[in-house]
Amino acid sequence: MTYSAEEFDALIAATAQVTRHVPLAVHTGAFCLDATALIPHIEHAIAALSEHVWRWNGAELKAHIEALRELGHTLKGIAELAGVSIATVSRIANNTLDRYSATTTDKLLAVPLTPPPSAIDDAVVADILAGRKVSIARRHRGQYIAYLAGRTDVTISVMAKAMRISHSRAITERNKVTRDVAQAAA
């Protein structure tokens, strides 16, 4: 069972009312109720329920994930950094739900807005510059192509041969980097 933030806040307010207004003890014949003994149990129940509280924060989380994606993070990378499932990150990115648990929210918002660690290996770049073919994992190929396209000491032919791409794609990538640099300077 899950609770909205409003329901949870109402429960906390009710507990505060109990601590202020309930007499310390009620004695009615054979029945005796000590209210002060109940308060720690109520507070413990609230603490246990707090991880099941849903917050209406889909837009905030989506904006954070989009900012991380713009910095170069993948959905899988964001999920690993936050300690949540890829499915959760995907749901947020695709607006499947508008509310998420406080725990999930805290974990995702704790991922700093910094670029991911670079996958560019200097030894691989040295092999490329030497004209040798290299083996690069598919998930890193785009980063290497963009990196090489931005280097003026790497010719189109060397980049095309090393990355096993066509000359036209190498030219397109070089033009894209040049255009991005010009836009950043403007």
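Described below are features of the structure shown in this document. (Residues numbered from 1 in each chain as written. Predicted model: local features only at pLDDT ≥ 70, side-chain atom pairs only at ≥ 80, totals over all residues. Heavy atoms only, no water.)

### Structural notes on helix α3 (residues 58–70)
The criterion, for reference: Secondary structure elements follow DSSP: runs of H or I no shorter than four residues count as helices, runs of E no shorter than two count as strands, and numbering proceeds from the N terminus. A helix is expected to span 1.5 Å for every residue after the first. Categorising residues by exposure relies on relative accessible area from a 1.4 Å probe, with only protein chains included: less than 20% of the type maximum marks a residue as buried, more than 50% marks it as exposed, and the intermediate range marks it as partly exposed. The arc in question is the one traced by the directions running from the helix axis out to the C-beta atoms.
End to end, α3 covers 18 Å across 13 residues, agreeing with the expected 18 Å (1.5 Å per residue, within 8%). Within the span of α3, buried status applies to G58, L61, K62, H64, I65 and L68. The arc that holds the buried residues of α3, viewed along the axis, is 160°, so those residues lie on one side. Of the exposed residues in α3, the ones pointing more than 90 degrees away from its buried face are A59 and E70.

### Observations concerning the nonpolar core
Cut-off, in case you're wondering: Definition of nonpolar core: a set of buried residues of the types Ala, Val, Leu, Ile, Met, Phe, Trp, Tyr and Cys, connected through side-chain atoms within 4.5 Å. It only takes one pair of heavy atoms within 4.5 Å for two residues to be counted as in contact.
Counting 19 residues, the largest nonpolar core has I128, I136, Y144, M159 and M163 as the members making the most contacts within it. Secondary structure elements with two or more residues in this core: α7 (122–129), α8 (138–150), α9 (156–163) and α10 (167–185). Of all the elements, α9 adds the most residues to this core, at five residues. In this structure, M159 is in contact with I145, L148, A149, V154, R164, I165 and A170, ignoring residues within four places of it in sequence.

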